[in-house]
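# What the coordinates show
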Amino acid sequence: PDPEANERLRVCEFRDGKIGLSASWYKRLSPFSEDACSKLEMLYEDLAAYCDFHGIIFQDDGYLNDFEDFHPDAQKEYLKISGGKLIPFEELTDEQKNRWTDRKTDKIIELTTRLRSRVMFLRPDTLFARTLYAPVLVDPQSEEWFSQNYDKTLENYDYTVIMAYPKMEEKFWVRAWLKSLVLKASEKPNGLDKTVFKIQAYDWKANEWISDSKIREWLRCLSAAGAHHTSYYPDSFVQGKPGIKTMIDTMSKKDFPFEKPK
C-alpha cells in the first residue's frame, strides 16, 4: 500500500540514454533488491499460513527484458560484468551480454526459490510451476529478451508452463507451430512429463473470446502431438467462456481420452 516504496523497488530500464522505471505495463519489483525480496517472502509466508492451496504458479510477469534491470541494486552486479562502466546493454560485448543475461535468469530463479522455501516450511506438499513465453522453448537466443531458460526451469520447478498462444504470437500455421512446441519439449528427458502447454481462450488483440471449436482443435492438436499436460487461459465461469462441454470433451479425466467406468 506504500506508493513510494513500490516506485523505489521497481524494475528499472536503460533506454534512449536514460535510466528510469520500466515502461512495461507489468509493474514488477526488482529481484536484485533485497528489500523487495524480503517483502515478497513475507507475503508468501502469510499466503501459506492463512490460505488453503495445493500449488503455486509463478506467472509470465517473471521476466526481465534486454533493457532491464537497472535498479540501483542491480547496477552493482551489472558493473562487475560491464567492466565498471554503466553503459547500455547493447554496448556490451557478446560475452558480457551472455553473462548478464545468465545472471538475470538466475536471479529470478533465486527469488522464486526463496519464496518456495517460505511456503514449503508450512505446506511441504505444495507443487510449483513457472510460466515461460513460447519463444524461450524453441529459440535459446530469446533468453536475452526474457531472462527465462527452459532447461533451468525444468530443473528448478515441478512444472514448466509454456504459453502456446497462437494469436498473441501471430502464427499462421497454428497446428504446425503447436506440434513444434511439443516436439521441442520431447527432446528433453523429462520435458513432456514436466511441461504444461497452455493455449489462449481469449484474443486480447481482437478483444474477443476464441470459439469453442478453435479451442478444441488446438487442445486436441497438442494431445495428438504427444503433450502429456494441456491447459487454457483465461476462464470466465460467469460468462460460460469457454463452454464447459468443450472443456469436458478435451480435458476431463472422466470422459477423455477414455470414458471413466461407471
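These lines cover the structure that appears in this document, whether it is placed above or below. Note that the coordinates shown come from a computational prediction; the quantities given were computed from them, not determined experimentally.

### Some remarks on the sheet that holds strand β4 (residues 127–133)
Taking strand neighbours across the sheet as the criterion, the 5 strands line up as β3-β4-β5-β6-β9 in an open arrangement whose pairing is parallel. The two strands at the open ends of the sheet, each matched to only one other strand, are β3 (55–58) and β9 (229–233). On average, each strand axis in the sheet is tilted by 25° relative to the strand beside it, whichever way the strands run. Pairing between β4 and strand β5 (residues 159–164): 5 bridges, direction parallel. Paired with Arg 130 across the strands is Thr 160, a residue of β5. Across the sheet, helix α4 (residues 94–122) touches β3 and β4, and the angle it forms with β4 is around 155°. Running over the sheet, helix α8 (residues 174–186) touches β5 and β6 (195–200) and is turned about 160° from β5.

### Details of the pattern of salt bridges
Within the structure shown, the criterion is met by 24 salt bridges. Note that Glu 187 and Lys 184 form a salt bridge whose closest N and O atoms lie 3.6 Å from each other. Because the salt bridges share partners, they merge into one network encompassing Glu 34, Glu 41, Glu 45, Arg 114 and Arg 118.

### Considerations on the packing of α8 against helix α10 (residues 212–225)
At a minimum axis distance of 9 Å, the contact between α8 and α10 shows a crossing angle of 40°. On the basis of their axis angle, the class for α8 and α10 is oblique. Once α8 is placed against α10, the crossing between them reads as right-handed. Every residue of α10 that contacts α8 at Val 174, Arg 175, Leu 178, Lys 179 and Val 182 is listed here: Glu 217, Trp 218, Cys 221, Leu 222 and Ala 225.

### Things to note about a nonpolar patch on the surface
A cluster of nonpolar side chains, Ile 19, Leu 79 and Leu 86, forms an exposed patch at the surface whose accessible area comes to about 210 Å². Here Leu 86 is to be found in the loop between α3 (72–82) and α4.

### Quick notes on the nonpolar core
As a rule of thumb, nonpolar side chains are buried together in soluble globular proteins. Ile 162, Leu 178, Leu 181 and Phe 197 are the most contacted members of the largest nonpolar core, which totals 31 residues. Elements with a minimum of two residues in this core: β4, α5 (134–138), α7 (150–156), β5, α8, β6 and α10. Per element, the largest residue contribution to this core is 6 residues, and it comes from α8. Setting aside its immediate chain neighbours within four residues, Phe 197 contacts Leu 137, Ile 162, Leu 181, Val 182, Ala 185, Leu 192, Leu 222, Ala 227, His 229, Thr 230 and Ser 231. Val 11, Cys 12, Ile 87 and Leu 92 belong to the second-largest nonpolar core, a separate cluster that totals 14 residues.

### Some words on the packing of aromatic side chains
For the structure shown, the criterion picks out 16 aromatic pairs. With a centroid separation of 5.0 Å and 80° between ring planes, the pair formed by Tyr 78 and Trp 100 is classed as edge-to-face. Note that Tyr 78 is positioned in helix α3 and Trp 100 in helix α4, a separation of 22 residues in sequence. A relative accessible area of 1% places Tyr 78 in the buried class. Summarising the aromatic geometry, the rings of Phe 172 and Trp 173 are spaced 4.9 Å apart at their centres and angled 90° between planes, so their arrangement reads as edge-to-face. Given the relative accessible area of 67%, Phe 172 is considered exposed. Chaining the aromatic ring pairs together yields one cluster made of Phe 14, Phe 32, Phe 70, Tyr 78 and Trp 100. Here the basic side chain of Arg 28 rests over the ring of Tyr 63, its NZ or CZ set 4.2 Å away from the ring centre. A cation over a ring is seen here: Arg 123 above Phe 53, with NZ or CZ 5.1 Å from the ring centre.

### Some remarks on α3
When we look at burial in α3, the residues that qualify are Ala 74, Gln 75, Glu 77, Tyr 78, Ile 81 and Ser 82. Seen end-on, α3 carries its buried residues on one side only, within an arc spanning 170°. Turned more than 90 degrees off the buried face of α3, the exposed positions are Lys 76 and Lys 80. Packing partners of the buried residues in α3 comprise β2 (18–21) and α4. Two residues or fewer past α3, Gly 83 is found with a positive phi of approximately 80°.

Criteria and cut-off values
- Residues numbered from 1 in each chain as written.
- Predicted model: local features only at pLDDT ≥ 70, side-chain atom pairs only at ≥ 80, totals over all residues.
- Heavy atoms only, no water.
- Pairing = 2+ DSSP bridges.
- Helix = DSSP H or I, 4+ residues; strand = E, 2+ residues; numbered from the N terminus.
- Axes fitted to C-alpha atoms, helices over the stretch in contact; angles between N-to-C directions.
- Contact = heavy atoms within 4.5 Å.
- Salt bridge = Lys/Arg side-chain N within 4 Å of Asp/Glu carboxyl O.
- Parallel < 35°, antiparallel > 145°, perpendicular 65-115°, else oblique.
- Left-handed = near helix turned anticlockwise from the far one by under 90°.
- Patch = residues over 30% accessible without salt bridge, like charges linked within 9 Å, V, L, I, M, F, W, Y side chains within 5 Å.
- Areas by Shrake-Rupley, 256 points an atom, 1.4 Å probe, with all protein chains shown as cover.
- Core = buried A, V, L, I, M, F, W, Y, C linked by side-chain atoms within 4.5 Å.
- Buried < 20%, exposed > 50% of the residue type's maximum accessible area, 1.4 Å probe, protein only.
- Phe/Tyr/Trp six-rings, centres within 6.5 Å; stacked < 30°, edge-to-face > 60°.
- Lys NZ or Arg CZ within 6 Å of the ring centre and 35° of its normal.
- Arc of directions from axis to C-beta.

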